[in-house]
Amino acid sequence: MSNPNIALETDITFIFPNILVHDERPGYEGYIIKSEHIQNFMQKIRDDLGYDYLSSVTAVDYLPEGKMEIVYHVRKSTGGSPLVVKAQLDRENPVISSIVSIYPGAEFQEREIWDLFGIKFEGHPDLRRILMWEGFSGHPLRKDWKEGYYEEDNKPFKSRWPAGHYKSAEDKNPLGANLDFPAGFNPESWVPEPEVALYTGLGRIERKDEETGINTEQVIVNMGPQHPSTHGVFRMAVKLDGETIVGLKPVMGYLHRNHEKIGERNTFLGNMPYTDRLDYFNSMSNNFGYALAIEKLMGISPPERAEYLRVMMAELTRIVNHLALFGFLLNDLGAYFTPFLYAFEERELILDIFEAVAGSRMMCNYFRFGGVARDLPEGILNKVKDLVFDRLPRKIDDLDLYITNNEIIRHRAEGVGVFTPEQALAYSAVGPVLRASGVPYDLRRAQPYGIYNRFDFDVAVRYHGDVYDRYLVRLDEMFQSLRILKQVINDIPEGPIQEGKPQYQVRVPAGESYGCVEGPKGELGFYVISNGKANPWRYHIRAPSFINLTSLESLCIGNKIADVVVILGSIDIVLGETDR
Amino acid sequence: MSDQKGNYMYGLGVLKGLGLAFRHFLETYIDDFRHWGKRYKTPEGIAYRASKDVKGIFTVQYPEEKIPVPEEFRFVPFLIYEEKNGEIEYRCTSCGICAKVCPPQCIWIVRSSDPNTGRPIPDPAEYYIDIDICMNCGYCAEYCPFDAIKMDHNYELASYSRSNNIYDKTMLGRPVSYYASIRPINYQREENARLEAETQKAARKSIA
């Protein structure tokens, strides 16, 4: 992968002589830092070196070595590949200082690490479990933790062949025997502690109004998890002063299935269809990110035609996503189903193309390591051509006419949920949310992957940072996607679509890799560690929906309760990806 | 592309939008008249409603109307058998590649072995797919070296009991002719490749 900013990157061990060393393990990149210096280091690289944007924080459990490792990916908002820094901790008592005070965007990610790995972050403002529930026993991503339906460490399971006498999972693990409770826990008499913790975190106050002498009290309103506006099972506890929001805590994890643990049991290839289920609107770009990560480890790259097909699918899925968002956002604004169905009509036509090419409308599973699954069937290129050159521009213009200057929409959306560029960067916002705040950051330009550096397109950017601009930025992006698609259709060469022979058991050399794409919702990253065996040792997803939610509270504070729904809609979350 | 400046708040934007909705409403009826009697419940009508030229209403009245699925559409695998002299012969050799590649591990195969020698025979004694677990990824069909397992087009699998959802060898079995009917292009390509391989083999033999 070519990186235009490579010349700007220097060896920073000279700046931090005693605390930083190169990561010398074969296949690894970046630096290892002494864990007690992490805060100072982060402060310095943010303030002095321009790494103003924390991309991802995750952890790895190295069980055989008795170590835990925190992996930070920090970026410059001007572009370039991320700076990878790792801090190694003792596995028995893993503690590190939190960097939330430096990068507020780390808040949920550190909570997730605490939840899944049991690593304590000192100085974290609200270190509770985030995806699992408070009464959960253990930390599931630790390598010695076994799930209720545990069968074997790695797939393929030996019981399936050659003597695969069918036995259902329920027979093997009868209901009731397949779960663990913490010591002393009785599900019958349990009082929901997390609720208490959640509400204490919001800290209601009562006060007397000085002027009128009336006693006022702040009210906590629960929205969700079963709420039509939350786009799935997502819950917000909102603290209100009158109608104004003074605090908000998102609660998530209702759709949690520990995708990452499943991914570590799976083979490398077996993970591909699972990535479809993350952000189920955009399985094509999920596939893309995962394929890039593994290809980087394997050191292969797809042939020309496959590269073009990948870009074609990724851009079509971006249009699908933004169209769907139009529908949902307008529903949230109270426009009911008319714009929704107008948008879905176009989405339908694109999904027909996915169905004909990949075999499924939403769970595409189209990408393979070193190529794509199959070539375009006869006539499909013409269909895409018709859509891209004729129908879609017309219809997106229609939507523009229909919505953009509608006075009601503008009243509801302008000046609501404002985010300054500084805030957006600090909270690690990505994708359209970041670009609507005036930061022209798009991975397709900032760290080009695939063949994006060949295409002529603009990074859509808007400057007001409100809900309206987040809508407009997506409109602009659809036009840019059409621009890319036109070039793809004109330039797509004939040729093979797969590098080498398709293999079901890929050899992935040991090492780490971070493959990221600019998904429709923002930077979607796959951090994969291979130890040379058939299954990944660690498989982490930097989910844009999840990390964008970090900023929800600060976006909402000061707005009215009725705007929460709209602000949430404008962030564009998908719970399949948020909860993983 | 629209701009945030100008035409501020006179209700014009709302009117324009309503005009568009009204146009859509009219188009539905105009389209109905133009395709009188052909727009609904006919194959060309369904194809038209999935084309780029469609105006007005585009929904399909399932189950009275069904959109034909494209050839590559995949849903729950089936096993191909060939009928030779009235006997059913599965193409499957129980090599186990599908069971190994299956991401959710829903394929269970019992390999048969010779009762006398105990050596494995290339024929599955039992073959199960738990379609509750199958995620329709299509890997089994993609990586099968014998073209013995393929993805089906039948998506209407609802049943009243989950116990019906463990498909065994007979429930999974379909004749080659069925495969050729749902995936004609793929079938032809595979047959051509097979014929070519056979002629090459024969040619090599005759040279030797």
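Please read all numbers here as calculations on a predicted model, not as lab measurements. (Residues numbered from 1 in each chain as written. Chains lettered and ligands numbered in written order. Predicted model: local features only at pLDDT ≥ 70, side-chain atom pairs only at ≥ 80, totals over all residues.)

## Concerning the overall build of chain A
Inference 1: The number of helices and strands found in chain A is 19 helices and 17 strands.
Inference 2: Its C-alpha atoms give chain A a radius of gyration of 24 Å, near enough to 25 Å, the size a compact globule of 580 residues would have.
Inference 3: For chain A, the spread of C-alpha atoms along the three principal axes comes to 80 × 60 × 60 Å.
Inference 4: Counting the 580 residues in chain A, one finds 49% classified as buried.
Inference 5: Contacts in chain A between residues far apart in sequence, at least 24 positions, make up 68% of those at least 6 positions apart. (Helix = DSSP H or I, 4+ residues; strand = E, 2+ residues; numbered from the N terminus. Rg over C-alpha atoms; globule rule 2.2 N^0.38 Å. Buried ≥ 20, exposed ≤ 12 C-beta atoms within 10 Å, placed from the backbone. Contact = placed C-beta atoms within 7 Å.)

## Here we look at the confidence of the model for chain B
Residue and element names in this part refer to chain B.
Inference 1: Put simply, chain B has an average pLDDT of 85, and 95% of its residues get 70 or more.
Inference 2: Confidence, read as mean pLDDT per element, is least for helix α2 (residues 43-49) in chain B (83) and greatest for strand β5 (residues 149-152) (91).
Inference 3: Predicted as a complex, the structure gets a pTM of 0.88 and an ipTM equal to 0.88. (pLDDT = per-residue confidence, 0-100.)

## A word on the sheet that holds strand β5 (residues 83-90) of chain A
Each strand in a sheet pairs with another by means of backbone hydrogen bonds, the pair being arranged parallel or else antiparallel.
Residues and elements named next belong to chain A.
Inference 1: Spatially, five strands are ordered β1-β2-β5-β4-β3 in an open sheet, and the strand pairing comes out mixed. Unpaired on one side and paired on the other, β1 (20-22) and β3 (53-62) mark the two borders of the sheet. For this sheet the average axis-to-axis angle between neighbouring strands, irrespective of direction, equals 25 degrees.
Inference 2: Of the strand pairs in this sheet, strand β4 (residues 67-75) and β5 are connected by eight bridges, and their pairing is antiparallel. When the sheet's bridge partners are listed, isoleucine 70 is paired in β5 with alanine 87.
Inference 3: Each of β3 and β4 touches helix α2 (residues 107-117); the most contacted strand, β3, lies at about 10 degrees to it. (Pairing = 2+ DSSP bridges. Axes fitted to C-alpha atoms, helices over the stretch in contact; angles between N-to-C directions.)

## Topic: the interface of chain B and chain A
Inference 1: Each side of the interface is counted separately: chain B has 40 residues, and chain A has 45 residues.
Inference 2: Broken down by secondary-structure element, the contributors of at least two residues to the side of chain B that touches chain A are α1 (12-34), α3 (97-101), β3 (107-113), β4 (120-130) and α4 (139-143) of chain B.

## Here's the deal with the domain arrangement of chain B
Inference 1: Along its sequence, chain B is carved into domain 1 (11-68) and domain 2 (77-207).
Inference 2: Distance from the C-alpha centre of domain 1 of chain B to the C-alpha centre of domain 2 of chain B: 42 Å. (Domains from an automatic or database assignment.)

## Observations concerning helix α9 (residues 337-358) of chain A
Residues and elements named next belong to chain A.
Inference 1: Compared with an ideal rise of 1.5 Å per residue, which puts 22 residues at 32 Å, α9 spans 29 Å between its outermost C-alpha atoms and is within 8% of the ideal.
Inference 2: By the burial criterion, the buried members of α9 are Pro339, Tyr342, Ala343, Glu346, Glu348, Leu349, Ile350, Ile353, Phe354, Ala356, Val357 and Ala358.
Inference 3: Here the buried face of α9 lies against α8 (304-332) and α10 (380-404).
Inference 4: Count one or two residues on from α9 and you reach glycine 359, which has phi positive near 100 degrees. (Expected span 1.5 Å × (residues − 1).)

## Remarks on the sheet that holds strand β10 (residues 219-223) of chain A
Residue and element names in this part refer to chain A.
Inference 1: Across the sheet, three strands lie side by side as β10-β11-β12; this open sheet has antiparallel pairing. Each of the sheet's edge strands pairs with one partner strand only, and the pair in question is β10 and β12 (244-251). Ignoring strand direction, the axes of neighbouring strands in this sheet form an average angle of 20 degrees.
Inference 2: Where strand β11 (residues 235-241) lies against β12, seven bridges are found, and the strand directions are antiparallel. Directly across from arginine 235, in β12, lies its bridge partner valine 251.
Inference 3: Its contacts with the sheet place helix α18 (residues 561-571) against β10, β11 and β12, and it is angled at close to 145 degrees to β11.

## Focus: the confidence of the model for chain A
Low pLDDT means the predicted atomic positions in that stretch should not be read closely.
Inference 1: Of all residues in chain A, 95% have pLDDT values of 70 or greater, and the mean over the chain is 85.
Inference 2: Here residues 1-8 of chain A is modelled with pLDDT under 50, and outside its nearest four sequence neighbours on either side it reaches nine contacts, counting other chains as well.

## Side note on unusual backbone geometry
Inference 1: For the bond running from lysine 155 of chain A to proline 156 of chain A, omega is -5 degrees, close enough to zero to count as cis.
Inference 2: Within the fold, proline 156 of chain A resides in the loop between β7 (120-122) and α3 (169-172).
Inference 3: In this structure, proline 63 of chain B follows tyrosine 62 of chain B across a cis peptide bond, with omega equal to 5 degrees.
Inference 4: Its identity as a non-glycine residue notwithstanding, lysine 41 of chain B has a phi of 60 degrees, on the positive side.
Inference 5: Inspection of the secondary structure puts lysine 41 of chain B in the loop between α1 and α2.
Inference 6: One non-glycine residue, glutamine 105 of chain B, lies in the positive phi region at around 60 degrees.
Inference 7: Structurally, the position occupied by glutamine 105 of chain B is in the loop between α3 and β3.

## Some words on the pairing of strand β2 (residues 87-90) of chain B
Regular strands place side chains that alternate from one sheet face to the opposite one.
Residues and elements named next belong to chain B.
Inference 1: For strand β1 (residues 75-84) and β2, the ladder comprises four bridges, and the chain directions are antiparallel. The residue of β2 that forms the bridge with glutamate 82 is glutamate 89.
Inference 2: Where β1 hands over to β2, the hairpin turn is made up of two residues, of which asparagine 85 adopts a positive phi near 50 degrees.

## What about the environment of methionine 313 of chain A?
Residues and elements named next belong to chain A.
Inference 1: Here methionine 313 is to be found in helix α8.
Inference 2: What makes methionine 313 buried here is the crowd of 27 C-beta atoms within 10 Å.
Inference 3: Between the C-alpha atom of methionine 313 and that of asparagine 282, which follows or precedes it by 31 residues, the distance is 9.6 Å.
Inference 4: Residues in contact with methionine 313, not counting those within four places in the same chain, are Met284 and Tyr366.

## Quick word on the packing of α8 of chain A against α9 of chain A
Residues and elements named next belong to chain A.
Inference 1: Remark: α8 packs on α9, axes separated minimally by 8 Å, with the N-to-C direction vectors making an angle of 160 degrees. The angle between the axes of α8 and α9 places the two elements in the roughly antiparallel class. Note on packing geometry: the crossing formed by α8 with α9 is left-handed. For the pair α8 and α9, the contacting residues are Leu316, Ile319, Val320, Leu323, Ala324, Phe326, Gly327, Leu330 and Asn331 in the first and Phe337, Pro339, Phe340, Ala343, Phe344, Glu346, Arg347, Ile350, Leu351 and Ile353 in the second.
Inference 2: Tallied by class, residues from the contact of α8 with α9 come to 15 nonpolar, two polar and two charged. (Parallel < 35°, antiparallel > 145°, perpendicular 65-115°, else oblique. Left-handed = near helix turned anticlockwise from the far one by under 90°. Nonpolar A, V, L, I, M, F, W, Y, C, P; charged D, E, K, R; others polar.)

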